[in-house]
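Overview (structure and organization)
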Amino acid sequence: MSTNGAIEDCIDSAAETVGAVWPLHSFVTANPLAGFEDQPFHEAVGEVEALLGADGYPEPSVFRRAYEDGRIDTEALEANLAAHDYETDPEASLDAMDESTTDSMLPETEAVDTVLSKWLAAFLDEGRAAWPMPNREAGFYDAFRNVAARDGEIPNSDAIADLPDDPREAIRDALAAHPTDEWRDIFEAQLAALPGWTGLLKQRAADEGVWQSAYPITLTGYLAARLAMVEAFDATLAPEEAVEPDKSVPRGECWLGAWEDSYRDELVGPITDASESLGETDEERPDAQLVFCIDTRSEIIRRRVEATGTYETNGYAGFFGIPMQYSGYNSSVSVDACPPIVDAQHYVTEEPTDGENEESYDRWQALLDTGKTALKGLRSNAATAFSFVESTGVGYAGALAARTLVPGRVRGLLGAAGDRTPDDHTHCAPTLDHDSDAGHDLPQGLTLDERVEYAATAFELMGIEAFGRLFVFTGHASETANNPFDSSLDCGACAGNPGGPSARVLATICNDEAVRERLAERGIDVPDDTVFLAGQHNTTTDDIDLYAGDVPESHAADLAQLRDDLETARATAAAERAGDMGAATSNGVAETDRRAGDWAETRPEWGLAGNAGFVIGPRELTDGLDLDGRAFLHSYDWRTDTDGDALEAIIGGPMVVTQWINTQYYFATVDNAVFGSGSKITHNPVGNVGVYQGNGGDIMTGLPLQSLTAADDEPYHQPLRLSTVIHAPVERVTEILRDNEAVAELLDNDWLSLTVVDPLQDHAAFEYESDFEWTLLSADESVPEQMPTPAAADD
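Residues numbered from 1 in each chain as written. Predicted model: local features only at pLDDT ≥ 70, side-chain atom pairs only at ≥ 80, totals over all residues. Heavy atoms only, no water.

**So, empty space enclosed by the protein**
What counts, and what does not: Think of a 1 Å grid over the protein atoms and nothing else: a 1.4 Å probe that fits but is trapped marks a cavity, an open set flanked by protein within 12 Å on at least five of seven lines marks a pocket, and residues with an atom within 4 Å of a point count as lining. Grid points are joined across faces, edges and corners, and a volume is the space filled by probe spheres set on the points.
One pass over the full model with this rule turns up four cavities of 30 Å³ or more. In this model, the largest cavity occupies a volume close to 240 Å³. Surrounding the largest cavity, 21 residues form its lining, Gly 19, Val 21, Pro 32, Phe 675 and Thr 701 being those nearest its centre. When its volume is computed, the second largest cavity comes out at roughly 70 Å³.

**Here's the deal with the sheet that holds strand S1 (residues 288-293)**
Think of a sheet as strands paired side by side through backbone hydrogen bonds, with each pair either parallel or antiparallel. Basically, it comes down to this: The pairing criterion is simple: DSSP has to find at least two bridges between the two strands. A run of H or I in DSSP becomes a helix once it reaches four residues, and a run of E becomes a strand once it reaches two; helices and strands are each numbered from the N terminus. Interaxial angles span 0 to 180 degrees and are taken between N-to-C directions of axes, which are lines fitted to C-alpha atoms, for helices over the stretch in contact. Should any heavy atoms of two residues lie within 4.5 Å, those residues are considered in contact.
Taken together, five strands build an open sheet; the order of strands is S2-S1-S7-S8-S9 and the sheet is mixed. For this open sheet the edge positions go to strand S2 (311-316) and strand S9 (544-547), each flanked by a neighbour on one side alone. Across this sheet, the average inter-strand angle for adjacent strands is 25°, counted without regard to direction. In the sheet, strand S7 (residues 470-477) pairs with strand S8 (residues 531-538) via eight bridges, with the strands oriented parallel. The residue of S8 that forms the bridge with His 476 is His 537. Where helix H20 (residues 448-462) meets the sheet, it contacts S1, S2, S7 and S8, and its direction lies at approximately 105° from that of S2. Together, S1, S2, S7, S8 and S9 form the strand contacts of helix H23 (residues 556-580), whose direction differs from that of S9 by roughly 155°.

**Quick look at the confidence of the model for the protein chain**
Using the following cut-off: The pLDDT score gives, residue by residue, the confidence of the prediction method on a 0 to 100 scale.
Predicted confidence across the protein chain gives a mean pLDDT of 89, with 87% of residues reaching 70 or more. Taken as a whole, residues 416-423 scores under 50 in pLDDT and shows seven contacts with residues more than four places along the chain or in a different chain. Of the regions scoring below 50 in pLDDT, residues 788-795 engages in nine contacts with residues more than four places distant in sequence or in other chains.

**Some words on the sheet that holds strand S3 (residues 324-327)**
With mixed pairing, the four strands of this open sheet are ordered in space as S4-S3-S5-S6. Each edge of the open sheet is held by one strand with a lone partner, namely strand S4 (335-336) and strand S6 (428-431). In this sheet, strand S5 (residues 346-352) lies alongside S3 in parallel orientation, the contact comprising four bridges. Looking across to S5, one finds that Met 324 is bridged to His 346. Its contacts with the sheet place helix H21 (residues 500-510) against S3, S5 and S6, and it is angled at close to 70° to S6.

Right, here's the structure in full:
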């Protein structure tokens, strides 16, 4: 391999230490320790603690509170402690745990970080800066060399301007005094010095999106610039000599495992009981069926909807299986409305449904755009700014006072005005006609075969065989004011974007007569009187907006009843959410409306805080349970999945994504300073890509404190790893894990847990141990306590 190739490989290896960071406008909740998932959890945590000085387990005070509240079973705790030769007395164990933070082994590079952060912010800006950094189209390395000569903060800046044209040559020169076997440690330390910026540029380079195409940046170019700055400031280049990490299981792992065991017992027991009674009641045709995202926030509204009438709800990944890049009508921006682990395959836009609508819609949008442009010009133009403020100050003061004092009323007035103006949902529809030569990077629309496949996959993965008169695909989005982290509250399966467009696409597909004819050929018989429509669940207010423009008059009464019942469900769900946020439950709708419109509200909703479980199985397993909005729910029926393909798709897709979400919430809770973003009160948004704490430095990488804690030192989110429960034959699950090494590795290394309730073995529950072996939790005594599956026994 060439020297240049060896440098690139070494950099890529070192960069695994830093988790990918997505721009703030499309926040993705990913595991910040994703590069360590090939190690056991406790070893990965130990390594990161040594490198970054981070905490990888909750503090003893958090464990103590959970134990005193009865969330940690004493027997489970004592068994875990004894298994690793620790004292079994809980108080003695807590006293022995060290709450101090490990010192970081990273070199001291504060001056380097300060200057580099300034230029990274300028280069990586995504449309926020009025005066963009010059020469960005040449790439970061060349642009930085160009501006460095004019930066008075950089000592001997001419030396940086004179760096070699090839950044790899600059790296070789900077490390000439160090043997090559030290280079990886140096790269790792320098990349980890600014993990936020490094994670962002790492993700941007890998994504190869429009901003990267226009203004390219690479890890190699960044490191070359960084190493030159280290020399200019005479900063420390190499990290301190690493101390061999202790690979023994720490007390924190024992406590965490006992906490998770206690939660899992509460989840698995009722599911096992429900499994025994599946299919005992006759199924009547539901008044309507609603498919929600598997998001934990859907669990609350699903319970409430089902309580209002004969409704059936199901769970499915919120992009509804359509891997698309979406652009609204006349929008200059497109987004990948699918999970980060899935590549977009189709370009879908929206068009007005008729010419008259198109004309009125265009006039309205042109008027809005003109007004916004004029207002921005008046504000920013030196000749008009002062006179503009003087002439409009009183009006602005009144508007500010109203939004501050009565935000709920202002939101209501704005909503009423919006109802009387054209919008995308009432005047536009997704265009699905296939065109492979439409001038986009992806084919526009979908072929008939693709439409049939996406529709069939949705019904097969959920195990749906019967259909009501109304069938609603319900995406979700949040509603907040003045919140840089608003995308973190939108649909994670849509890469931090609203799920409504994806729901509309699948509803349009399923209403296509040609698609329904082909579905019938595959054994999926959709009645003639079934009408598909889309909706969007506002997770902040629990309002569900139905996109019902194409619902025929024959279904008007069904639609009216559904809307009435959704309002009833909203009232009870909003009261529950208000109570969770410490507010009065007497008028939950008013409280959640206020939070949605209050620009001073730091916690408009809890998001996915509290997530701890993932249930894959029929809704009948959980429809009688109050899961407190803590479980992801994916509909699945093993009886309709004869070859196991549907379950394999769920295990390899949604199960991985939920583990990402869970670990993001876990690590941001246990050490918010390193893995989160601190308090929203002191956030400073930068470049439309991230936030600072203060006026500069590294961008913060994860969730803010207000998304995780009820008060100082009082976490609302219980930091537990994900407990997954699958209702299916354990042998089938084992076969799937054998074919999916990455998922099996996550389980073997304790990044999440898996319990299978096997309907073929007297509904017994089996807990995955490692290497495809299971431990029986409950069932017929003739089943051994620990058993390899039949497939494993044949190896």
